[in-house]
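Working through the structure, step by step
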Amino acid sequence: MNALLTKVSQKQRAIAGSRLALTAPAVLMAGALYLSIALNDPLWRQVLDALPAGSIWVSGGLIASLALILLAGTYTLLAMVAPARLLKPVVLLMMLVATLCHYFMRRYGAVIDTQMLVNVVETHRGEVRELLSPTLLAEVVIYVGLPALALTRIDLKPMSLRRASTTRVLYGVALWGLAVAVALVQYKEVSLWLRAHAELREYPNPVVPVVSAVRLLADQLADGHPSLISIAEDAEPRAASASSRRRVVVMIVGETARADHFGINGYGRDTTPRLSARGDVVAFSDMQSCGTSTAVSVPCMFALEDRRHFDRNQARHTENVLDVLQRVGVTVQWRENNSGCQGVCNRIPTQRFSAESHPSQCFDGECHDEVLLSDLRAQLQHGTGDQLIVLHQLGSHGPAYFRRYPERFQHFTPECAQDDAYRCDTTALVNSYDNTIRYTDHVIDRTIELLSRLQPEADVGLLYVSDHGESLGEGGLYLHGFPYALAPASQTRVPLIAWLSSGLKRQLSLGGDCLRRSAASPHSHDEIFSTLLGLFDVRTTAYRPRDDLFGDCRIHA
């Protein structure tokens, strides 16, 4: 018995001897090294692509400076958020956060800044399902699971709180001191190069995502619950006359459609056969979006402020153009087939669609966009007075483009029929995306047909505009949500289609072919606010004729 106990005791000592004893600052340093090296290859790819040609000395100095700055920043972050008693769990949590960010940065070229985190918060269950994949799970196992096993073999050396705090600070000071010293050796080259490539500041992982999350939380807490701010309080309805009839306008808010993939805008493929065949639609081919995500662009396009002055937090408790129209007697309704109206329709009657109410048009928790036209004809015919109905599409939302259209719209083949679209070759990916545009062309055309039947009793019109565009692999970027200042035109240049009945043109005093000439000029989402007011001739000082898409073409006596 004693011999057995002796063997057990020896085995326990052997096991204990195989464990590694480290101080908390040393574990933080090891974690920072791991995060900097293993989960920042998107940053290093950007750095290598941007390095100046020629001097190896300069390039080496830049890389060394950035590596030390990244290590110092990552260590500082860990040291600030990981208390001694929760050090291992917090380090593992940071590894999980970094792994998730690394996956989407590497696969889709995403930048995980504050705006992207807003998109994450607004993402609904269906979108989350499309973004998850076995590859993501495998990366979590590799990048988080293996370090977790290593951490179980580490014992933390006991240290007093004072000594532990002092040591953490000294490690940080030493790292930043070394980083600054190396940068000073080539200060001119490093400072000028970093200024020329400011976009690299968006890539350090997980420093930027965590800091962005803190900023977003701070904004939410600071926002509080202020009272609603009214705008255009002097607004008055259009003056009635013997010749005026009620006006009915349908506005379709598209999703993720880029202007250069619309056939009617000159795209090499016939993605808009129905609209192109019409002689009565006008395509505004140079339209800039307010943002690169739904969470920004949708509230921004209906807001009084232009893109430069728009603040999403303030917009949540400020009226928009729909509120103004409703106040002056226009019947306004929002029809939703996306993840939400981003606060725009909070005070507007809203209809949402689901598989329970429309089983023939909805599958796997989402509906094809034709569901937005359900019972629309009856609602238009039975309405009285001026009317604006907004249809919010699911449109071309990625990455699972193939889910956005019925099978009969598989015009361009082969299609990319999987959720993790980055695995498809470029041809299949673009085919699926172009099929979504072809389906949108069908939805717009059907809406125009419904409005046309109303012409005997009303002056009618349609506006279609997408919220933002989409990257399809160009430059290694996919999807959308890139910081606006750095975003490619594929994410910011969007289509706008206008169709106005002859009666509405007459009421608006629109002359000749002016609209087509105007449509070739640069425009932006900033003009939606005044355009909607102008379509109903609402009188208010908030209306800016120069920002009305049709303002320059109205003939005034």
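Residues numbered from 1 in each chain as written. Predicted model: local features only at pLDDT ≥ 70, side-chain atom pairs only at ≥ 80, totals over all residues. Heavy atoms only, no water.

1. Thoughts on the sheet that holds strand S6 (residues 350-352)
Strands sit in the order S6-S5-S9-S3-S10-S13-S4-S14 across an open sheet of eight strands; the sheet is mixed. Here the strands that pair on one side only, and so sit at the sheet edges, are S6 and strand S14 (523-524). Note that strand S5 (residues 331-336) and S6 share three bridges and pair parallel. When the bridges of S6 are listed, Arg335 appears paired with Gln351. Along the sheet, helix H13 (residues 294-301) contacts strand S3 (247-254), S5, strand S9 (387-392) and strand S10 (459-466); its crossing angle with S3, the most-contacted strand, is approximately 160°. Contacting S3, S9, S10, strand S13 (493-500) and S14, helix H21 (residues 528-535) runs over the sheet at an angle of about 160° to S3. (Pairing = 2+ DSSP bridges. Helix = DSSP H or I, 4+ residues; strand = E, 2+ residues; numbered from the N terminus. Contact = heavy atoms within 4.5 Å. Axes fitted to C-alpha atoms, helices over the stretch in contact; angles between N-to-C directions.)

2. Some points on a nonpolar patch on the surface
On the surface, a cluster of nonpolar side chains totalling about 500 Å² of accessible area is made up of Leu137, Val141, Ile142, Leu146 and Leu149. Its place among the elements puts Leu149 in helix H8 (residues 134-152). A residue is classified by how much of its surface remains accessible, and Leu149, at 55% relative accessible area, is exposed. (Patch = residues over 30% accessible without salt bridge, like charges linked within 9 Å, V, L, I, M, F, W, Y side chains within 5 Å. Areas by Shrake-Rupley, 256 points an atom, 1.4 Å probe, with all protein chains shown as cover. Salt bridge = Lys/Arg side-chain N within 4 Å of Asp/Glu carboxyl O. Buried < 20%, exposed > 50% of the residue type's maximum accessible area, 1.4 Å probe, protein only.)

3. Comments concerning the state of the cysteines
One way to say it: the disulfide is the covalent bond shared by the sulfur atoms of two cysteines. Counting across every chain of the model gives five disulfides. Between the sulfur of Cys290 and that of Cys300 lies a disulfide, 2.4 Å long from S to S. Sign of the S-S torsion, about -65° for the bond between Cys290 and Cys300, identifies this disulfide as left-handed. Here Cys290, found in the loop between strand S4 (281-288) and H13, pairs with Cys300, found in helix H13; they are 10 residues apart in sequence, far enough to count as distant. With respect to burial, Cys290 and Cys300 carry one shared label: buried. A sulfur-sulfur separation of 2.1 Å characterises the disulfide bridge that pairs Cys514 with Cys553. Residues Cys514 and Cys553 are joined through a disulfide that is left-handed, its torsion about the S-S bond being -75°. (Disulfide = S-S within 2.5 Å.)

4. Observations regarding the pairing of S9
Burial analysis of S9 places six of its six residues in the buried class, which makes it a mostly covered element. In S9, alternate side chains face the same way, and those of Gln387, Ile389 and Leu391 on one face and Leu388, Val390 and His392 on the other are all buried. Two elements, S5 and S9, share six bridges in a ladder whose sense is parallel. Within S9, the residue paired with Val332 across the bridge is Leu388.

5. Quick look at the packing of aromatic side chains
Applying the stated rule across the entire model yields eight aromatic pairs. For the pair Tyr75 and Tyr171, a centre-to-centre distance of 6.1 Å together with 25° between the ring planes defines the contact as stacked. Remark: Tyr171 occurs in helix H9 (residues 161-185) and Tyr75 occurs in helix H4 (residues 56-81); sequence separation between them is 96 residues. Overall, the relative accessible area of 28% leaves Tyr171 in the partly exposed class. Taken together, a centroid distance of 6.1 Å and an interplanar angle of 20° make the contact between Phe104 and Tyr108 stacked. (Phe/Tyr/Trp six-rings, centres within 6.5 Å; stacked < 30°, edge-to-face > 60°.)

6. Re the packing of helix H2 (residues 24-38) against H8
Between H2 and H8, the shortest axis-to-axis distance is 13 Å and the interhelical angle comes to 160°. Regarding the angle of H2 to H8, the classification is roughly antiparallel. Considering only the axes of H2 and H8, their crossing is right-handed. Residues Val27, Tyr34 and Ala38 of H2 form the contact with H8, whose participating residues are Ile142, Tyr143, Pro147 and Leu151. For the contact of H2 with H8, the residue count by class is seven nonpolar, no polar and no charged. (Parallel < 35°, antiparallel > 145°, perpendicular 65-115°, else oblique. Left-handed = near helix turned anticlockwise from the far one by under 90°. Nonpolar A, V, L, I, M, F, W, Y, C, P; charged D, E, K, R; others polar.)

7. Remarks on the packing of H2 against H4
Close contact between H2 and H4 brings their axes to 9 Å; oriented N to C, the two are set at 130°. Here H2 is positioned oblique relative to H4, judged by the angle of their axes. As for how H2 packs across H4, the hand of that crossing is right-handed. Residues Pro25, Leu28, Met29, Gly31, Ala32, Leu33, Leu35 and Ser36 of H2 pack against Leu70, Leu71, Thr74, Tyr75, Leu78 and Ala79 of H4. A per-class count over the contact of H2 with H4 returns 11 nonpolar, three polar and no charged.

8. Considering the pattern of salt bridges
If you walk through the whole model with that rule in mind, you get 23 salt bridges. The partner of Asp260 in a salt bridge is Arg258, with the nearest N and O atoms 2.7 Å apart. The class of Asp260 is partly exposed, set by a relative accessible area of 34%. Judged by its relative accessible area of 4%, Arg258 is buried. Between Arg446 and Glu370 there is a salt bridge whose closest N-O contact spans 3.1 Å. Taken together, the residues Arg446 in helix H17 (residues 426-452) and Glu370 in the loop between strand S8 (366-367) and helix H16 (376-382) connect sequence positions 76 residues apart. Take Arg446: its relative accessible area is 33%, and that puts it in the partly exposed class. Here Glu370 falls in the buried class, since its relative accessible area comes to 10%. Where salt bridges share partners, they join Arg274, Arg278, Asp280, Asp445 and Glu449 into one cluster.

9. Overview of the side chain of Gln342
Within the secondary structure, Gln342 is located in the loop between S5 and S6. Contact partners of Gln342, with chain neighbours within four places excluded, come to Glu122, Thr294, Ala295, Val298, Pro299 and Arg312.

10. Thoughts on the nonpolar core
Residues Met251, Phe302 and Leu388 are the most contacted members of the largest nonpolar core, which totals 50 residues. It is H21 that provides the largest number of residues to this core, a total of five residues. Those residues in contact with Met251, other than ones at most four positions away along the chain, are Met301, Phe302, Leu388, Ile389, Val390, Leu391, Leu463, Val465, Ile528 and Leu532. (Core = buried A, V, L, I, M, F, W, Y, C linked by side-chain atoms within 4.5 Å.)

11. Some details on the confidence of the model for the protein chain
As a general rule, the predicted coordinates of low-pLDDT regions are not to be interpreted in detail. Summing up the model confidence of the protein chain, the mean pLDDT is 88 and the portion of residues at 70 or higher is 93%. Here residues 11-16 is a poorly scored stretch, pLDDT under 50, and it has one contact once near neighbours within four places are set aside; other chains count. (pLDDT = per-residue confidence, 0-100.)

12. Focus: the environment of Leu463
Topologically, Leu463 is positioned in strand S10. Relative accessible area serves as the criterion here: at 1%, Leu463 is assigned to the buried category. Each C-alpha atom of the pair Leu463 and Pro226 lies 33 Å from the other, and the pair is 237 residues apart in sequence. Those residues in contact with Leu463 that lie beyond four places of it in its chain are Val250, Met251, Ile252, Leu496, Ile497, Ala498, Thr531, Leu532, Leu535 and Phe550.

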